[in-house]
Amino acid sequence: MATVVIAPPKAATLPYGNNNLPWIVTYEYAIRLIKEGKAYCDTSSQEQMRAERMDGITSQCCDLSVEENLRRFKEMKNATEFGQTCCLRAKI
């Protein structure tokens, strides 16, 4: 799985979660990826994501429904307390 960074409009700098260049997508494209089942919103901690990635383990959030992922992504967009615990990840 890859971590995805949603580019803010006219961003001066973009955050990087690791040393690899992240995918940078628009909000609309992120919605499309979720609807196509190619991305999901993960609430795992950074340490857990790293361990799962290294061990080849699929996140427990990977199989959530499209509707639940869209709900979580809306929470991310609105920067709610819950939304700030989420990370959009691509299924690649």
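All figures in this text were calculated on a predicted structure; none of them were measured in a lab. (Residues numbered from 1 in each chain as written. Predicted model: local features only at pLDDT ≥ 70, side-chain atom pairs only at ≥ 80, totals over all residues. Heavy atoms only, no water.)

Caption draft 1: Structural view of the pairing of strand β3 (residues 39-42). Burial along β3 is two-sided: Ala39 and Cys41 facing one way and Tyr40 and Asp42 facing the other are all buried. Sheet analysis places β3 next to strand β4 (residues 87-90), joined by four bridges and oriented antiparallel. Bridging across to β4, Ala39 finds its partner in Ala90. (Buried < 20%, exposed > 50% of the residue type's maximum accessible area, 1.4 Å probe, protein only. Helix = DSSP H or I, 4+ residues; strand = E, 2+ residues; numbered from the N terminus. Pairing = 2+ DSSP bridges.)

Caption draft 2: View of helix α1 (residues 27-35). Residues Ala30, Ile31, Leu33 and Ile34 constitute the buried set of α1. Take α1 and look down its axis: the buried residues cluster within an arc of 160°, on one side only. Of the exposed residues in α1, those oriented more than 90 degrees away from the buried face are Glu28 and Lys35. Once α1 finishes, Gly37 follows within two positions and takes phi at roughly 75°, a positive value. (Arc of directions from axis to C-beta.)

Caption draft 3: Highlighting the environment of Ser44. Mapped onto the elements of the fold, Ser44 is located in the loop between β3 and α2 (46-55). When the C-alpha atoms of Ser44 and Cys61 are compared, they prove to be 8.0 Å apart, with 17 residues separating the residues in sequence. Here Ser44 is in contact with Met49, Glu52 and Ser59, once residues within four sequence places are set aside. A polar contact of 2.7 Å, which involves the side chain of Ser44, links it to the side chain of Asp42. (Contact = heavy atoms within 4.5 Å. Polar contact = N/O pair within 3.5 Å; in protein donor to acceptor, adjacent residues only side chain to side chain.)

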